[in-house]
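# Summary of the model geometry
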Amino acid sequence: MNIRDEVIEKINRFLREDISEQFIMNELDAVMDSRDYFYVHNKHGDGIKIKIIYYRVADVIDYRILHFKFKLHVK
């Protein structure tokens, strides 16, 4: 398996995992700490950093994925 295949596999694995409870709790912690970002990790140690964007005028919240972090096994 090459590096590209491993990254694709890890992204797919991350997206199949249920992170809903962790997402909600980490978002709440970020808001209470006056941060505009938070992290969500899966059970394998892979993670994503998510930015919270609040538009006061429209009372809308956007989320942006800032980056993925994966542990690769390079041979």
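The coordinates are above.
This write-up is about the structure you can find in this document. (Residues numbered from 1 in each chain as written. Predicted model: local features only at pLDDT ≥ 70, side-chain atom pairs only at ≥ 80, totals over all residues. Heavy atoms only, no water.)

## With respect to a nonpolar patch on the surface
Residues Tyr54, Ile61 and Tyr63 make up a contiguous nonpolar surface patch of roughly 290 Å² in combined accessible area. Residue class for isoleucine 61 comes out partly exposed when judged on its relative accessible area of 42%. (Patch = residues over 30% accessible without salt bridge, like charges linked within 9 Å, V, L, I, M, F, W, Y side chains within 5 Å. Areas by Shrake-Rupley, 256 points an atom, 1.4 Å probe, with all protein chains shown as cover. Salt bridge = Lys/Arg side-chain N within 4 Å of Asp/Glu carboxyl O. Buried < 20%, exposed > 50% of the residue type's maximum accessible area, 1.4 Å probe, protein only.)

## Some details on the sheet that holds strand β2 (residues 47-55)
Hydrogen bonds between backbone atoms are what pair the strands of a sheet, whose relative direction is either parallel or antiparallel. Read from one edge of the open sheet, three strands run β1-β2-β3, paired in antiparallel fashion. Edge strands, defined here as strands with exactly one partner in the open sheet, are β1 (37-41) and β3 (60-69). Put simply, the sheet's adjacent strands are angled 25 degrees from each other on average, direction ignored. With five bridges joining them, β1 and β2 adopt antiparallel strand pairing. Its bridge partner being in β2, tyrosine 37 is matched across the sheet by lysine 51. (Pairing = 2+ DSSP bridges. Helix = DSSP H or I, 4+ residues; strand = E, 2+ residues; numbered from the N terminus. Axes fitted to C-alpha atoms, helices over the stretch in contact; angles between N-to-C directions.)

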